[in-house]
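Observations on chain architecture
Next come the chains, spelled out residue by residue.
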Number of protein chains: 2
Amino acid sequence: MIGRDILKELEDIVGAENLLTSRASLLCYSYDAAGQSYIPEAVALPANPDEVSRIVRLANKFKFPIVPRGAGSGFSGGSVPLKNGVVIHLSRLNKILEIDTENLIAVVEPCVVTGIFQDAVEKLGLFYPPDPASLKFSTMGGNASTGAGGPRAVKYGVTRDYILGMEVVTPTGEIIRTGGKTVKRATGYDLTRLMIGSEGTLGIITKLIIRLIPLPEAKKTMTAIFGSAEDAARSVSDIIKSRIVPTTLELLDKNSLACVKGNLGIDLPEGTGAMLLIEIDGDPLILDKQTKRIREVCIVNNSMEFRVAANKEEADALWKARRGASPSMLKFWPGKISEDIVVPRSRIPEMIRRLDAIAERHSLTIASFGHAGDGNLHVNIKVDKKSEEEMKRAEEAIKEIFRATVELEGAISGEHGIGISKAPYLRMQLSDAEIEVMKGIKKALDPNNILNPGKIFG
Amino acid sequence: MIGRDILKELEDIVGAENLLTSRASLLCYSYDAAGQSYIPEAVALPANPDEVSRIVRLANKFKFPIVPRGAGSGFSGGSVPLKNGVVIHLSRLNKILEIDTENLIAVVEPCVVTGIFQDAVEKLGLFYPPDPASLKFSTMGGNASTGAGGPRAVKYGVTRDYILGMEVVTPTGEIIRTGGKTVKRATGYDLTRLMIGSEGTLGIITKLIIRLIPLPEAKKTMTAIFGSAEDAARSVSDIIKSRIVPTTLELLDKNSLACVKGNLGIDLPEGTGAMLLIEIDGDPLILDKQTKRIREVCIVNNSMEFRVAANKEEADALWKARRGASPSMLKFWPGKISEDIVVPRSRIPEMIRRLDAIAERHSLTIASFGHAGDGNLHVNIKVDKKSEEEMKRAEEAIKEIFRATVELEGAISGEHGIGISKAPYLRMQLSDAEIEVMKGIKKALDPNNILNPGKIFG
């Protein structure tokens, strides 16, 4: 419990105008996209790392929990104040500090919105590839904390692959620097990557050093329509086997297409069972050659239709529809449950067969879409959250989905993290010994269990 | 001290034929390429992770140090038994277990030689880019433990970027699995990257899951000769600014060229001050276009000569000479001291100016070569190790080199690690708070300080 004396001290640190305590304000910080709600006792909006550090030291003194928060757009409850306490909203640390066009490096504060950062570097002919669907509102710090991915991971990797260093406030309030402005660096343990994906349990990121690459000169977007999701998934595997690595290889199954088709801007032929949304980029000289090969692979796998987007507008519409798949689905299925599984790419046809069987066994409707190119599928179960009986069936189905995922050498979270919503299933993925090592690290860095308690390990 | 009883138990675990205790054998495991020597008390050659685990449990029971070892080719003393104890030589874990051409993934044991692995995947049209100069004898596990790099890091990154998962024996003897067969994975802390570069202090790697990419269809090797190292370094920066990312951008300065010129297979014109060895790869369609642009950049920066290798033999000779730079130099300078610094790429001209000034100030000869494209320079100081006075000057010079490196936002080790030889300088790089976090992790995982004690933190 946070008493008046602590609130007074917090006010001294951030200023009265940057400490929120009204019921209405606290409610706004109680949830993320996972839909669970826990009310914090106060929200502090620090101006700089030093203020963050002072709040964390205070928390260690009085033993109250701290939950760092960016845009609160996560899908697993990672930024929700499960044990109440103080939310540190980093919204005032929102500046792009440096874009270094000579070294292809940028330095940003954590609450820079990913999409805004991308636009800023693209204006200079540079490229920051990670592109979670939330990029218009999620933040660079949040992306790092959850280990966010996105469609372009097939070719370019995930957030982890573009963070070279950080400034971090540790759980005991020290301000440390990890990594640095070089790709190579072999000076002790890789604390940068340890922080990435640690979901705010090991440190509060106050600065990020980002690796950039030259912006590809051109790109091409294409769609391939298939009668079945299996044919589409087999094409994904075959395209990569043919030694082309597209920028994205996105799959939308029949039920997903039903939700987004109004926004696609193209008609879907009778009998459509799945669509691939494929993008390639690079030197214009090679794009036609690659398009031809991709088309051949799709045709061999029974593609009903293969189209190249005629212009930027057509491509943008396709991408907008794809990125809006989750909200579009929510309109039709207000009670959906979303999971974020990943399996080795070649196992996707098998995973789709298993998902079909699980849906049938439990009389549920399941829609899958996502990043087939890297094996990452967003599996959505349509539920009426008021029906206890249906929720029970859904819960059984989720367990079976996770079991199948692990059996196929995959993971129960590809890019959303564990947070609170997947914590109950963590032991399906990791052994006791693995969890003990992780908990040992947590305890070493955060002896008072101040930072984001109850997350990941439940 | 390891008594007869412990030796007996070790023998029970690995078999008498796999436990070495003769003076001659022990000597062979006392050093690495850094040249310092500490004699182990026994060397065990386990056959599998289970035997590794049993040895580690024994070490925890009797509190003796364990030093894991691959090829012992490191440059910083990382695999040297500083506190004696038992060396675990992983030489029997040397199999490529799986090359999965559908998912572009391989699974290997730690003592697979990097070059052999590369050849094996290239036969299947796949590519494992990391290429430390030692690749003909260093091992995949050793590369992971030191965070090894190599020339191709400019375009493709380092070992860290290609390891997706591991099987690891923890310092308390548990066998754990980290990561997995997918690029995306957001299930708890990133133990894989924590192990990478931890120099055998946090775990013994018994299996590695490797990410592969399609083998580029073609490559082109070229050389550019300059009157000064600064002109060469400026070309490096300008090539990348022109949005071409070559596979490699290697620099050899005048003193380095003097040592390797007999092996290059090409003549160096009068007045040569530095050479760039540049390689590009990819679709044949774009290589000519890129070569033209690179040539233009070099000419603008006063290149005296620009040549494209006429054929594979010519290119191979150039690479052989470059890879042999360190041993070639040893022939001329038997007493050289090598450092492995890295600075942001655009800072290399400034670093070279500072190196010249340091050499002059201390009346020393310094030769630099290495991976200018990613800012990583191998700086070699010619010394007569018998001259106390000269060694003292060299020591002063090294401190100044490291100070300059840190001032230019670089790191005192790019790809060789800290081991014992750089441990005395670690505090020039990292703050006390950063070191405390690392030591906290070490203590959490290895409460009895069994694994490779005395390394990194000194």
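What comes next is a walk through the structure. Being a predicted model, the structure only gives us computed values, none of them experimental.

Digging into the relation of the copies chain A and chain B
Of the two same-sequence chains, chain A is brought onto chain B (RMSD 0.0 Å, axial shift 0.0 Å) by a rotation of 180 degrees. These values place the two chain copies in the arrangement generated by a two-fold rotation axis. When you check the interface residues of chain A against chain B, 99% turn up at the interface there too, and the contact is symmetric in its surfaces.

Overview of the sheet that holds strand β6 (residues 105–108) of chain A
All names here are of chain A. The strand order β5-β6-β10-β8-β9 describes an open sheet built from 5 strands, whose pairing is antiparallel. Since the sheet does not close on itself, it has two edges, and those belong to β5 (96–100) and β9 (175–179), each with one partner. Across this sheet, the average inter-strand angle for adjacent strands is 10 degrees, counted without regard to direction. Bridge count between strand β8 (residues 163–169) and strand β10 (residues 204–211): 6 bridges; the pairing is antiparallel. Bridging across to β10, Ile163 finds its partner in Ile210. Packing against the sheet, helix α3 (residues 49–62) makes contact with β8, β9 and β10, and its axis sits at approximately 50 degrees to β8.

So, the interface of chain A and chain B
Each partner contributes residues to the interface: chain A has 79 residues there, and chain B has 78 residues. Each partner contributes to the roughly 6,600 Å² buried at the junction of chain A and chain B, and carbon and sulfur atoms together form 59% of this total. If you sort the residues of chain A by the area they bury against chain B, Lys184, Tyr189 and Arg243 of chain A come out on top, with a joint share of 14%. Where chain A packs against chain B, one counts 16 salt bridges. In this structure, Lys241 of chain A engages Glu102 of chain B in a salt bridge whose closest nitrogen and oxygen atoms are separated by 3.9 Å. Remark: the boundary between chain A and chain B carries 35 residue pairs in polar contact (both at pLDDT 80 or more). If you tally residues by element for the side of chain A that touches chain B, the top one is helix α16 (residues 432–445) of chain A, at 9 residues. The residue inventory of the side of chain A that touches chain B, partitioned by class, reads 32 nonpolar, 24 polar and 23 charged.

What about the packing of helix α9 (residues 254–264) of chain A against helix α12 (residues 325–332) of chain A?
All names here are of chain A. Contact pair α9 / α12: the axes reach a minimum separation of 9 Å and the direction vectors enclose 105 degrees. Comparing their axes, α12 and α9 come out roughly perpendicular. Note on element contacts: α12 touches α9 through Ala325, Ser328, Met329 and Phe332, opposite Ser256, Ala258, Cys259, Val260 and Asn263. For the contact of α9 with α12, the per-class residue count stands at 6 nonpolar, 3 polar and no charged.

Topic: the nonpolar core
With 174 residues, the main nonpolar core has Ile441 of chain A together with Ile441 of chain B as its most contacted residues. Excluding its chain neighbours within four sequence positions, the residues that come into contact with Ile441 of chain A are Leu194 and Leu202 of chain A together with Tyr189, Leu191, Leu194, Ile441, Ala444 and Leu445 of chain B.

Quick word on the side chain of Thr187 of chain B
Relative to the elements of secondary structure, Thr187 of chain B occurs in the loop between β9 (175–179) and α7 (191–195). Those residues in contact with Thr187 of chain B that sit more than four places away from it in its chain are Ala411, Ile412, Ser413, Ile418, Gln429, Leu430 and Met438 of chain A.

Details of the sheet that holds strand β3 (residues 66–69) of chain B
Residue and element names in this part refer to chain B. Spatially, the 4 strands line up as an open sheet ordered β1-β2-β4-β3, and their pairing is mixed. In this open sheet, the two strands that pair with only one neighbour each are β1 (19–20) and β3. Inspection of the sheet shows β1 paired to strand β2 (residues 42–44) by 2 bridges, in the antiparallel sense. Paired with Leu19 across the bridge in β2 is Ala44. The sheet contacts of helix α3 (residues 49–62) involve β2, β3 and β4 (86–89), and relative to β3 the element is tilted by about 155 degrees.

Side note on the environment of Ile341 of chain A
Residue and element names in this part refer to chain A. Examined against the element boundaries, Ile341 turns out to sit in strand β16 (residues 337–342). Between the alpha carbons of Ile341 and Glu279 there is a distance of 22 Å; along the sequence they are 62 residues apart. If sequence neighbours within four positions are ignored, Ile341 has contacts with Met351, Gly375, Asn376, Leu377, Val379, Ile401, Phe402, Thr405, Ala411 and Ile412.

Some words on α16 of chain A
Compared with an ideal rise of 1.5 Å per residue, which puts 14 residues at 20 Å, α16 of chain A spans 20 Å between its outermost C-alpha atoms and is within 8% of the ideal. Restricting attention to buried positions, one finds in α16 of chain A the residues Ala433, Glu434, Ile435, Val437, Met438, Ile441, Lys442 and Leu445 of chain A. Against the buried residues of α16 of chain A lie α7 (191–195) and α15 (426–429) of chain A together with β9, α7 and α16 (432–445) of chain B.

A look at the packing of aromatic side chains
One pass over the structure, following the stated rule, counts 10 aromatic pairs over all chains. Ring centres 5.5 Å apart and planes at 85 degrees place the aromatic pair Tyr189 of chain A and Phe457 of chain B in the edge-to-face group. With Tyr189 of chain A in the loop between β9 and α7 and Phe457 of chain B in the segment after α16, this pair bridges two chains. Since its relative accessible area comes to 19%, Phe457 of chain B is described here as buried. Here the aromatic rings of Phe117 of chain B and Tyr128 of chain B are separated by 5.3 Å at their centres, their planes lie at 70 degrees, and the arrangement is edge-to-face. Here Phe117 of chain B is found in helix α4 (residues 114–122), whereas its partner Tyr128 of chain B is found in the loop between β7 (126–127) and α5 (140–146), with 11 residues between them in sequence. Comparing Phe117 of chain B with Tyr128 of chain B shows no difference in burial state: the two are buried.

Reading the values: rules and limits
Residues numbered from 1 in each chain as written. Chains lettered and ligands numbered in written order. Predicted model: local features only at pLDDT ≥ 70, side-chain atom pairs only at ≥ 80, totals over all residues. Heavy atoms only, no water. Least-squares fit on C-alpha atoms with pLDDT ≥ 70 in both. Contact = heavy atoms within 4.5 Å. Pairing = 2+ DSSP bridges. Helix = DSSP H or I, 4+ residues; strand = E, 2+ residues; numbered from the N terminus. Axes fitted to C-alpha atoms, helices over the stretch in contact; angles between N-to-C directions. Buried area = accessible area lost by both parts, 1.4 Å probe. Salt bridge = Lys/Arg side-chain N within 4 Å of Asp/Glu carboxyl O. Polar contact = N/O pair within 3.5 Å; in protein donor to acceptor, adjacent residues only side chain to side chain. Nonpolar A, V, L, I, M, F, W, Y, C, P; charged D, E, K, R; others polar. Parallel < 35°, antiparallel > 145°, perpendicular 65-115°, else oblique. Core = buried A, V, L, I, M, F, W, Y, C linked by side-chain atoms within 4.5 Å. Buried < 20%, exposed > 50% of the residue type's maximum accessible area, 1.4 Å probe, protein only. Expected span 1.5 Å × (residues − 1). Phe/Tyr/Trp six-rings, centres within 6.5 Å; stacked < 30°, edge-to-face > 60°.

It is worth stressing that arrangement in space is one thing and function is another; only the former is reported here.
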